Protein chains: 2
Amino acid sequence: MDSKDGLHYDPESGVREGLPCDGVIIPSALHVEPGKLYDAIVIGAGYAGLIAARDLAVRVTEGHKVLLLEARDRIGGRTWTSVIEGYPYEMGGTWVHWGQPHVWTELSRYNLVDQLEDSAETLPGVTHKISYYFEHGRNDLSAEEDAQNMNTALTEFCNVDGQLGKTVMPFPHKPFTEAEQFTKWDRISAAERVNQIKDRLTPDQQSLLLSIIVTASGSPADQVAFTEILRWWALAGYDSQAYMDYIIKWKLKCGQTRLALRIFRDALASGNLSYRFSSPVHQIDQSRQQLVVTAKDGQHMSGQYLVCTVPLNTLNDVKFNPPLSHSKVLAASRGHVNLCVKAHAEVETADHRSWWGMAYNRKPGIMAGAFGDGLTPSGNAHLVSFSLNDAFQGGSDHGFSQIKAAYEEFHPFKIKRLLYHPWATDPYAKGTWAMYALGFGSRFKRDLQASQGRIHFASADWADGWHGFIDGAMEQGMRASAKILTELQKVPAARL
Amino acid sequence: MDSKDGLHYDPESGVREGLPCDGVIIPSALHVEPGKLYDAIVIGAGYAGLIAARDLAVRVTEGHKVLLLEARDRIGGRTWTSVIEGYPYEMGGTWVHWGQPHVWTELSRYNLVDQLEDSAETLPGVTHKISYYFEHGRNDLSAEEDAQNMNTALTEFCNVDGQLGKTVMPFPHKPFTEAEQFTKWDRISAAERVNQIKDRLTPDQQSLLLSIIVTASGSPADQVAFTEILRWWALAGYDSQAYMDYIIKWKLKCGQTRLALRIFRDALASGNLSYRFSSPVHQIDQSRQQLVVTAKDGQHMSGQYLVCTVPLNTLNDVKFNPPLSHSKVLAASRGHVNLCVKAHAEVETADHRSWWGMAYNRKPGIMAGAFGDGLTPSGNAHLVSFSLNDAFQGGSDHGFSQIKAAYEEFHPFKIKRLLYHPWATDPYAKGTWAMYALGFGSRFKRDLQASQGRIHFASADWADGWHGFIDGAMEQGMRASAKILTELQKVPAARL
């Protein structure tokens, strides 16, 4: 089935809207009964919503008592796979690691550990090569030389305390425990921190670091908080090699949508799940005895409790009665800063399977990095790239000519296809994985996590640990369902 | 309540058998009906069994259809807490880390992340000090000097390929994927590997390394496989500081038994769990249509499926019909090599909160390490030590005089109390956390994991990733329950 999501370009057919996705759910609604009081309603079928729906569905009283609502035609939210000519392209969330506890536990549960493969695997006989395209022209390096630059740059960047940042984030899964130290560093941008250490870096190392920051944040380095990069560093064990291993190494051969389907089917098999896709929410009303959700098509649905997984940048598009807290409204109106364009290319040069390009301050496309990520069944290289959104605004071709030009800035690729999901303009995302502006985390994270009445807010965008990651979505979904199971008295309350 | 487990000594009262434990379950049996056919029987209420029982109980048909059988009077298996004068002593499994995915997910689910505290926290105003007691006499070092020795020694030890061991264990949660490289290194002992690199180490570094190996394995270094230490190193991210952070840093303020109780009560709240404690198993018979478990008191219980969490070193003490595979019988008769005595001391010198002692080749007690681990409510230091079992054989005082002497070898402590669980002689453990002899892992791990008919074997002792750890127990319990849920058609089978 094709989803309405995603954009595809190839030289023969030009631009096409919509991409195949096994996560499109048919029929689009099941067991939805008007007037029924559900034990719980879950809004959003991304990983946060899927985990919450499953954990609730297996514990509630029998009889389709959990309702999952989703605006899109598919599961997965900001993580979904399009399989084209037998090859899986990850349109959003991709990489996982065994040090990301929540997602790893799900891979372990569904026996998918054997599906992991290394994105950085090289083509047999072709040595891994990294090309820098910085201000001073192109420079080709070995993987070892790049790793040394990366290590120097990232370690200098994160080592704010002579202890690799450990005093600022000693416990990266508990974001509120070290408030004082953290708040201080949360006030400066990644660009300012680069500026503090630039005398200790070569020009290449400095540009590489800025390229890494842009790739990580989907934002100019002066708009993202320094602590956002420090957080990844701390979560990955305060080490530059581990940083890469956690962030961009291990992906699922079968595609993330397979994992999402396993969770969804598991929830369905409980016999307790109802669902409704292509059903965006207009209003959530908990001013009366029953909590009532109204879809944009006017359908009302009632529940005792609700899990809201609506992303940060679109949270103000849903009407709440009583309204959201002032702090939530303010946080959502500021939003997170990641408007990254993650684009895939299939190119007719197999050798580029073993190639990475890092760019900074080049024209025309502000592409920060492109990475060999696989070999398609036709024997072509699959590249994945990360760009600033600003470069791809407007145009009747959805920016494909600019993406193409940005790729060609690296190399005169013979491009077979390009594809991407325009997360920044997607009405149900308005941004890519959450990365915070200066001061945003210390000001808003706790407030974003706070429940209001019978509504629990669960999103990767404000997870304790891996916010912006698949792991964070699952953390949030599990915790929201745990709260509701306690409220429904299905799980005993804590007694310490 | 007091458990029958554990031993306590204090100068006034001498030796006492049994220790208080909140994990003792009263009444000792619930909803056990003779003649009933259970959906699943789980043998063992350690973490593997608790996770399996919970995951099954919330998914089976209603009506107490899961039966949990346990030989002891308490939950927790080789992980349990004794709270004495308001202070929690961990008698077995203790430390956890967010990079241990299965246990971290449970801490996250039950909202226990805030309960974590740092074992290596120092007393205010008292600098952390490490004392080496090696062949050349005592040597006091700063934490930094010790960390440098540790880093040099462990890195040299593990760096067998110039790539920190990554080519031997690139994917430490998939133990069977790199068989060739792994099998080669699995044939040598930790002692042999020390011998290979000894020219690159100072005498202190060499003794420290041997002390670390004995502490980790509860075994002389020539009896444990080199790959066992390499596995910890790989799982912790190929880094000596991370190794310490994963292995011995973060523990639960509330005690592990609180986590075990949360899981147990959660399973009970499903309304589907029956249980029977103090009920060791005599025989498991699946030769007829129904699987029948016979307890040592003659009670028969029938089930469709079974999770067997009986530890490796006691697996041959249960009679199976048809018999266990030849390979399982052989593995269990060889057993794992860890006979560590983990002992606690409360000593009247608060300053030793900030102290660690490392020993090698000293008499009279073969104590490899003692670590300041907390401050009791009376303001005394709590020390935890790891010793070779051989030093504590025999004697009418359960070895307390030898443990005392071993502590006093470090320092003339004024000892208020000593306590430990004699895992090596415990009939339901016959060993401490599993550490393998040379070649054991490559020869037996896969066979130990294999199901036989309707029996699934789940134990930390043969977990894919963190074997011998709490995380590994939970990994195994979750996977066994996932298999049975698929067999019971509660969860759809994989479709990739």
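Model, not experiment: these values are computed from the prediction.

What counts as what
Residues numbered from 1 in each chain as written. Chains lettered and ligands numbered in written order. Predicted model: local features only at pLDDT ≥ 70, side-chain atom pairs only at ≥ 80, totals over all residues. Heavy atoms only, no water. Domains from an automatic or database assignment. Buried area = accessible area lost by both parts, 1.4 Å probe. Salt bridge = Lys/Arg side-chain N within 4 Å of Asp/Glu carboxyl O. Pairing = 2+ DSSP bridges. Helix = DSSP H or I, 4+ residues; strand = E, 2+ residues; numbered from the N terminus. Axes fitted to C-alpha atoms, helices over the stretch in contact; angles between N-to-C directions. Contact = heavy atoms within 4.5 Å. UniProt positions renumbered as here; feature names shortened; annotations may be inferred. Buried < 20%, exposed > 50% of the residue type's maximum accessible area, 1.4 Å probe, protein only. Core = buried A, V, L, I, M, F, W, Y, C linked by side-chain atoms within 4.5 Å. Polar contact = N/O pair within 3.5 Å; in protein donor to acceptor, adjacent residues only side chain to side chain. Nonpolar A, V, L, I, M, F, W, Y, C, P; charged D, E, K, R; others polar. Least-squares fit on C-alpha atoms with pLDDT ≥ 70 in both. Phe/Tyr/Trp six-rings, centres within 6.5 Å; stacked < 30°, edge-to-face > 60°. Lys NZ or Arg CZ within 6 Å of the ring centre and 35° of its normal. Lys, Arg positive; Asp, Glu negative; His and termini not counted. Disulfide = S-S within 2.5 Å. Left-handed = near helix turned anticlockwise from the far one by under 90°.

### What about the domain arrangement of chain A?
Residues and elements named next belong to chain A.
Thinking step 1. For chain A, the assigned domains are domain 1 (23–79 + 256–335 + 430–487) and domain 2 (129–248).
Thinking step 2. Between the C-alpha centres of domain 1 and domain 2 the distance comes to 32 Å.
Thinking step 3. Here domain 1 packs against domain 2, burying approximately 1,700 Å² in sum over the two surfaces, 62% of which is carbon and sulfur.
Thinking step 4. If you sort the residues of domain 1 by the area they bury against domain 2, Met 435, Leu 438 and Trp 466 come out on top, with a joint share of 38%.
Thinking step 5. Inspection of the region where domain 1 meets domain 2 yields zero salt bridges.

### Describing the sheet that holds strand β1 (residues 2–10) of chain B
Residue and element names in this part refer to chain B.
Thinking step 1. Taken together, nine strands build an open sheet; the order of strands is β2-β1-β21-β17-β20-β19-β18-β9-β10 and the sheet is mixed. Only two strands of the sheet have a single neighbouring strand rather than two, namely β2 (14–20) and β10 (137–142). Averaged over all pairs of adjacent strands, the angle between strand axes in this sheet comes to 25°, irrespective of strand direction.
Thinking step 2. The pairing of β1 with strand β21 (residues 415–420) spans three bridges and is classified as antiparallel. Opposite Leu 7, over in β21, you have Tyr 420 as the bridge partner.
Thinking step 3. Lying over the sheet, helix α3 (residues 143–158) contacts β9 (129–134) and β10, oriented at roughly 105° with respect to β10.

### Considering the sheet that holds strand β19 (residues 367–375) of chain A
Hydrogen bonds between backbone groups are what pair the strands of a sheet, and the pairing can be parallel or antiparallel.
All names here are of chain A.
Thinking step 1. The sheet built from nine strands is open, its strands ordered β2-β1-β21-β17-β20-β19-β18-β9-β10 with mixed pairing. If you trace the sheet from one side to the other, it starts and ends with β2 (14–20) and β10 (137–142), each paired once. Each neighbouring strand pair of the sheet contributes to a mean axis angle of 25°, computed without reference to strand direction.
Thinking step 2. Where strand β17 (residues 341–347) meets strand β21 (residues 415–420), five bridges bridge the pair, whose relative direction is antiparallel. When the bridges of β21 are listed, Val 347 appears paired with Ile 415.
Thinking step 3. Along the sheet face, helix α6 (residues 203–217) touches β9 (129–134), β10, β18 (355–359), β19 and β20 (381–387) and points at about 95° away from the line of β9.

### A short note on the UniProt feature "binding site: substrate" (unreviewed entry) in chain A
Residue and element names in this part refer to chain A.
Thinking step 1. Cross-referencing UniProt, the feature "binding site: substrate" (unreviewed entry) maps to Phe 386 in the present numbering.
Thinking step 2. Among the structural elements, Phe 386 can be located in strand β20.
Thinking step 3. Residue classification places Phe 386 among the buried residues on the basis of a relative accessible area of 5%.

### Here we look at the nonpolar core
Thinking step 1. Core analysis: the biggest nonpolar cluster contains 116 residues, and Phe 157 and Tyr 243 of chain A together with Phe 157 and Tyr 243 of chain B have the highest contact counts within it.
Thinking step 2. Those residues in contact with Tyr 243 of chain A that sit more than four places away from it in its chain are Met 150, Leu 154, Ile 212, Ala 216, Ile 229, Trp 232, Trp 233 and Ala 236 of chain A.

### Focus on the interface of chain B and chain A
Thinking step 1. Contact residues are listed per partner, giving 45 residues for chain B and 44 residues for chain A.
Thinking step 2. Of the roughly 4,100 Å² buried where chain B meets chain A, counting both sides, 57% is carbon and sulfur surface.
Thinking step 3. For the pair chain B and chain A, the number of links is four salt bridges.
Thinking step 4. One salt bridge connects Arg 59 of chain B with Asp 266 of chain A, and the closest N-O pair in it is separated by 2.5 Å.
Thinking step 5. At the junction of chain B with chain A, the criterion picks out nine residue pairs in polar contact (both at pLDDT 80 or more).
Thinking step 6. Elements with a contribution of two residues or more to the side of chain B that touches chain A: α2 (101–109), α8 (240–248), α9 (256–269) and α13 (470–487) of chain B.
Thinking step 7. For the side of chain B that touches chain A, the element with the most residues is α2 of chain B, which contributes six residues.
Thinking step 8. Split into classes, the residues belonging to the side of chain B that touches chain A amount to 21 nonpolar, eight polar and 16 charged.

### Structural notes on the pattern of salt bridges
Thinking step 1. Per the stated rule, a full pass over the model turns up 54 salt bridges over all chains.
Thinking step 2. Arg 417 of chain A is the salt-bridge partner of Glu 85 of chain A, the closest N and O atoms lying 3.1 Å from each other. Taken as a pair, Glu 85 of chain A in the loop between β6 (81–84) and β7 (87–90) and Arg 417 of chain A in strand β21 lie far apart in primary sequence, 332 residues in all.
Thinking step 3. The exposed category is assigned to Glu 85 of chain A, whose relative accessible area is 55%.
Thinking step 4. With a relative accessible area of 9%, Arg 417 of chain A lands in the buried category.
Thinking step 5. Among the ionic contacts, a cluster of salt bridges with common partners joins Arg 54, Asp 55, Glu 106 and Arg 109 of chain A together with Arg 54, Asp 55, Glu 106 and Arg 109 of chain B.

### What about the relation of the copies chain B and chain A?
Thinking step 1. The operation relating chain B to chain A is a screw motion whose rotation component is 180°, with 0.0 Å of axial translation and a residual RMSD of 0.0 Å. The transformation relating the two chain copies, once decomposed into turn and shift, fits a two-fold axis.
Thinking step 2. Looking at chain B, 98% of its interface residues are interface residues in chain A too, so the copies touch through the same face.

### Details of the environment of Ala 153 of chain B
All names here are of chain B.
Thinking step 1. For Ala 153, the location among the structural elements is in helix α3.
Thinking step 2. Separated by 52 residues in sequence, Ala 153 and Gln 205 have C-alpha atoms that sit 5.7 Å apart.
Thinking step 3. Leaving out residues up to four positions away in the same chain, Ala 153 has contacts with Ile 197, Leu 201, Gln 205 and Leu 209.

### Some remarks on the packing of aromatic side chains
Thinking step 1. A full pass over the atoms with the stated rule returns 58 aromatic pairs over all chains.
Thinking step 2. Put simply, the rings of Trp 95, Trp 356, Phe 371, Phe 386 and Trp 433 of chain A pair up and form one aromatic cluster.
Thinking step 3. Across from the ring centre of Phe 171 of chain B, 4.7 Å away, lies the NZ or CZ of Lys 174 of chain B, which sits over that ring.

### Looking at the pairing of β17 of chain A
Residue and element names in this part refer to chain A.
Thinking step 1. Counting buried positions along β17 gives seven out of seven residues, so the element sits mostly inside the fold.
Thinking step 2. The pairing of β17 with β20 spans seven bridges and is classified as antiparallel. Within β20, the residue paired with Glu 346 across the bridge is His 382.

### Section: the UniProt feature "binding site: FAD" (unreviewed entry) in chain A
Residue and element names in this part refer to chain A.
Thinking step 1. UniProt records the feature "binding site: FAD" (unreviewed entry) at Glu 70, Ala 71 and Val 281, using the numbering of this structure. A stretch of 212 residues holds the annotated residues, and the largest C-alpha distance among them is 8.1 Å, short enough that they meet in one place.
Thinking step 2. Considering the arrangement of structural elements, one finds Glu 70 in the loop between β5 (66–69) and β6.
Thinking step 3. Setting aside anything within four residues of it in sequence, one finds Glu 70 in contact with Gly 44, Ala 45, Gly 46, Arg 276, Phe 277, Ser 278, Ser 279 and Pro 280.
Thinking step 4. Of note is the side chain of Glu 70, whose polar atom sits 2.8 Å from the backbone nitrogen of Arg 72.
Thinking step 5. Relative to the helices and strands, Val 281 is located in strand β13 (residues 281–285).
Thinking step 6. Given the relative accessible area of 10%, Val 281 is considered buried.
Thinking step 7. When sequence neighbours within four positions are dropped, the list of residues in contact with Val 281 reads Ile 43, Leu 69, Val 293, Thr 294, Ala 295, Lys 296 and Val 318.

### Some thoughts on the side chain of Lys 174 of chain B
Thinking step 1. You can see Lys 174 of chain B is positioned in the loop between α3 and α4 (179–186).
Thinking step 2. Of the side chains bearing the opposite charge, Asp 114 of chain A lies closest to the buried Lys 174 of chain B, which forms no salt bridge; the N-O distance is 4.3 Å.
Thinking step 3. Once you skip the residues sitting within four places of it in the chain, Lys 174 of chain B turns out to touch Val 113, Asp 114 and Leu 116 of chain A.

### Details of the state of the cysteines
Thinking step 1. Enumeration according to the criterion identifies zero disulfides over all chains in this entry.
Thinking step 2. Cys 254 of chain A carries a free sulfur, and the closest cysteine sulfur to it, the one in Cys 21 of chain A, is 13 Å from it.
Thinking step 3. The class for Cys 254 of chain A is buried, based on a relative accessible area of 16%.
Thinking step 4. Cysteine Cys 158 of chain B remains unbridged, with the sulfur of Cys 340 of chain B as its closest cysteine sulfur at 20 Å.
Thinking step 5. Since its relative accessible area comes to 0%, Cys 158 of chain B is described here as buried.

### Focus: the packing of helix α1 (residues 47–57) of chain B against α13 of chain B
All names here are of chain B.
Thinking step 1. For the pair α1 and α13, interaxial distance at closest approach is 7 Å and the crossing angle is 35°. Relative to α13, α1 is oriented so that their crossing is right-handed. Where α1 approaches α13, its residues Tyr 47, Ala 48, Ile 51, Ala 52, Asp 55 and Leu 56 are matched on the opposing element by Ile 470, Ala 473, Met 474, Gly 477, Met 478, Ser 481, Ile 484 and Leu 485.
Thinking step 2. Taken together, the residues of the contact of α1 with α13 break down into eleven nonpolar, two polar and one charged.

### A closer look at the pairing of strand β15 (residues 300–308) of chain B
Residue and element names in this part refer to chain B.
Thinking step 1. In terms of burial, β15 is a largely internal element, seven of the nine residues being buried.
Thinking step 2. Two elements, strand β4 (residues 37–43) and β15, share six bridges in a ladder whose sense is parallel. In the strand pairing of β15, Ile 41 is matched with Leu 306.
Thinking step 3. As defined by bridge partners, strand β14 (residues 291–295) adjoins β15 across four bridges and the pair is classed as antiparallel. Looking across to β15, one finds that Val 293 is bridged to Met 301.
Thinking step 4. What sits between β14 and β15 in their antiparallel hairpin is a turn of four residues, with Gly 298 showing a positive phi close to 95°.
Thinking step 5. Sheet topology places β15 next to strand β22 (residues 455–457); three bridges connect them, and they run parallel.

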